[in-house]
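Per-entry structural report
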Amino acid sequence: MTIPEENSRAQVLALCGGIGGAKLALGLYRTLGPGHLTVAVNTGDDFTHLGLHVSPDIDTVAYTLAGLNDTERGWGLAGETWHFMEALGRLGGDTWFQLGDHDLATHVVRTQRLAAGETLSQVTAGLATRLGLHARLLPMSDDPVRTLVDTEEGRLAFQNYFVEHRCRPRVTGISFAGAETAKPQDDVLALLADGTLAAIVICPSNPYLSVDPMLAIPGLREALKASAAPVIAVSPIVGGKAVKGPTAKIMEELGLPVSIRAIADHYRDLIDGFILDDADAADSTGLGIPSVATRTLMETLGDRERLARSVLDFAAGLRRHR
Ligand code: GDP
């Protein structure tokens, strides 16, 4: 049973970071069909580079849902060319952050519209429309929140940590500059209070770098808890390891066990259900949260859709018991 059959107005809200989260967002989008999915996206990774406002996670989700993402490289646009970067390098410009020629257009348009007074929400909605998306794409906030990573080599802005230093420095702490005065995006709050919301899905994004920036915004955690819709988190830890990226490394560095239990504990006060991978089923006894074990590794499009269906079915069951 999928949600649209139950209620033609039913909505699903996904909280999402970049690449890992976008995989499930795509599965949800394809499973729910047009008009039923809203994705609230982390903007803690946003930064100004070469004078341009870059929103890496928003762009990853937009390109992925539009089917324009490069699946081989794992980020950016398929069929990308790099003439701008070559020219930039020749002139001695900053080349540590790769901006493809086609991707560059997104950042130019975003920067121009923000400078003309549009909000990031308006700019993002415009991008989604132009890419032909039938899902709502919302930044977590229209106010700037910037993820800062404290490391043994000092404090680093997120992209310097992630891209320039390739997540090598040992992490000692993570903070979110601006979060304390930021407001959650209005439509996210409205949706959380809306009776048509059928499920809230915390995608298998990095909990510390991609989801925590959202939860650091005052009011968002409370609104998630107050929503009538069940909140389900999908574990980014599969078989005791991260599928990709620094999640496991950061957990170790922060003194956490690299386990589904640590992920469940991280979200414990917020979630009604937890989805873990079959590979971790042995670790799931006594988790203390309703949980489902299934294949969560999303290698194919079919994997993404199957996981999305499992999430939605789990939510439908939890909704009846709430
Ligand atoms: P980023 O912002 O691009 O790093 O992406 P996210 O924060 O959205 O996602 C990173 C997380 O996604 C990592 O912790 C990965 O373990 C997780 N991840 C990536 N692919 C998969 C997958 O196929 N299944 C699951 N369960 N997690 C995944």
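Let us look at the structure shown here. (Residues numbered from 1 in each chain as written. Predicted model: local features only at pLDDT ≥ 70, side-chain atom pairs only at ≥ 80, totals over all residues. Heavy atoms only, no water.)

Moving on: the site of the ligand. In the neighbourhood of the ligand, 22 residues make up the surrounding shell, with Ser205, Ser210, Pro236, Thr247 and Thr296 lying closest. Between the ligand and the protein, one listed contact pairs an oxygen atom with a side-chain N or O atom of Ser205 at 2.6 Å. Thr247 is positioned with one of its side-chain polar atoms (N or O) 2.5 Å from an oxygen atom of the ligand. When the ligand is considered free in solution it has 600 Å² of accessible area, and contact with the protein chains removes 94% of it. When residues in the shell around the ligand are grouped by element, the largest group, four residues, is from helix H2 (residues 19-32). Grouping the constituent residues of the shell around the ligand by class yields nine nonpolar, 10 polar and three charged. (Near = heavy atom within 4 Å. Polar contact = N/O pair within 3.5 Å; in protein donor to acceptor, adjacent residues only side chain to side chain. Areas by Shrake-Rupley, 256 points an atom, 1.4 Å probe, with all protein chains shown as cover. Helix = DSSP H or I, 4+ residues; strand = E, 2+ residues; numbered from the N terminus. Nonpolar A, V, L, I, M, F, W, Y, C, P; charged D, E, K, R; others polar.)

This next bit is on the side chain of Ser284. Within the element layout of this structure, Ser284 appears in the loop between strand S13 (273-277) and strand S14 (291-294). Among the polar contacts made by the side chain of Ser284, one reaches the main-chain carbonyl oxygen of Ala281 at a distance of 2.7 Å. Each residue touching Ser284, except ones within four places of it in the same chain, is listed here: Ile260, Arg261 and Leu276. (Contact = heavy atoms within 4.5 Å.)

Turning our eyes to something else, we now look at the pairing of strand S6 (residues 146-151). As judged from the six bridges shared by S6 and strand S8 (residues 171-177), these two strands associate in the antiparallel manner. Directly across from Asp150, in S8, lies its bridge partner Gly173. Inspection of the sheet shows S6 paired to strand S7 (residues 154-157) by four bridges, in the antiparallel sense. Within S7, the position partnered with Val149 by the bridge is Leu156. Count of turn residues in the S6/S7 antiparallel hairpin: two residues. (Pairing = 2+ DSSP bridges.)

Turning to the sheet that holds S7, a few remarks are in order. The strand order S7-S6-S8 describes an open sheet built from three strands, whose pairing is antiparallel. Whereas interior strands pair on both sides, the edge strands pair on one side only; in this sheet they are S7 and S8. Ignoring which end each strand starts from, the neighbouring axes of this sheet average 25° apart. Those strands touched by helix H9 (residues 207-215) are S6 and S8, and its axis lies near 25° from that of S8. (Axes fitted to C-alpha atoms, helices over the stretch in contact; angles between N-to-C directions.)

Once that is clear, we can look at the packing of aromatic side chains. Between two aromatic rings, the relevant description is the distance of the centres plus the angle of the planes. A complete count under the given rule lists five aromatic pairs for this structure. Consider the rings of Phe47 and Trp96, whose centres lie 6.2 Å apart with planes at 45°: the pair is tilted. Within this pair, whereas Phe47 is found in strand S3 (residues 47-49), its partner Trp96 is found in the loop between helix H4 (83-90) and helix H5 (101-115), the two being separated by 49 residues in sequence. Owing to a relative accessible area of 14%, Phe47 belongs among the buried residues under this scheme. (Phe/Tyr/Trp six-rings, centres within 6.5 Å; stacked < 30°, edge-to-face > 60°. Buried < 20%, exposed > 50% of the residue type's maximum accessible area, 1.4 Å probe, protein only.)

Quick look at the pairing of strand S10 (residues 231-234) now. Neither face of S10 is left uncovered, since the one carrying Val231 and Ala233 and the one carrying Ile232 and Val234 both have all their residues buried. Where strand S9 (residues 197-202) meets S10, three bridges bridge the pair, whose relative direction is parallel. Bridge pairing in S10 places Ile200 opposite Val231.

On inspection of all chains with the given rule, the structure shows 14 salt bridges. Linking Asp70 and Arg73 is a salt bridge whose minimum nitrogen-to-oxygen distance equals 3.4 Å. Residue Glu253 pairs with Lys249 through a salt bridge whose shortest N-O separation is 2.8 Å. Pair noted here: Glu253 and Lys249 are both in helix H11 (residues 247-253), with a separation of four residues, about one helical turn. Each of Arg295, Glu299, Asp303 and Arg306 takes part in a single network of salt bridges with overlapping partners. (Salt bridge = Lys/Arg side-chain N within 4 Å of Asp/Glu carboxyl O.)

Attention now goes to H5. Here H5 is 15 residues long and its end C-alpha atoms lie 21 Å apart, about the 21 Å a rise of 1.5 Å per residue gives. Every buried residue of H5 is listed here: Asp103, Leu104, Thr106, His107, Arg110 and Thr111. Along the axis of H5, the buried residues cluster in a sector spanning 155°; they form a single face. Those residues of H5 hidden inside the fold are in contact with strand S4 (52-54), helix H3 (56-65), H4 and helix H6 (120-130). Just downstream of H5 lies Gly117, where phi reads positive at about 110°. (Expected span 1.5 Å × (residues − 1). Arc of directions from axis to C-beta.)

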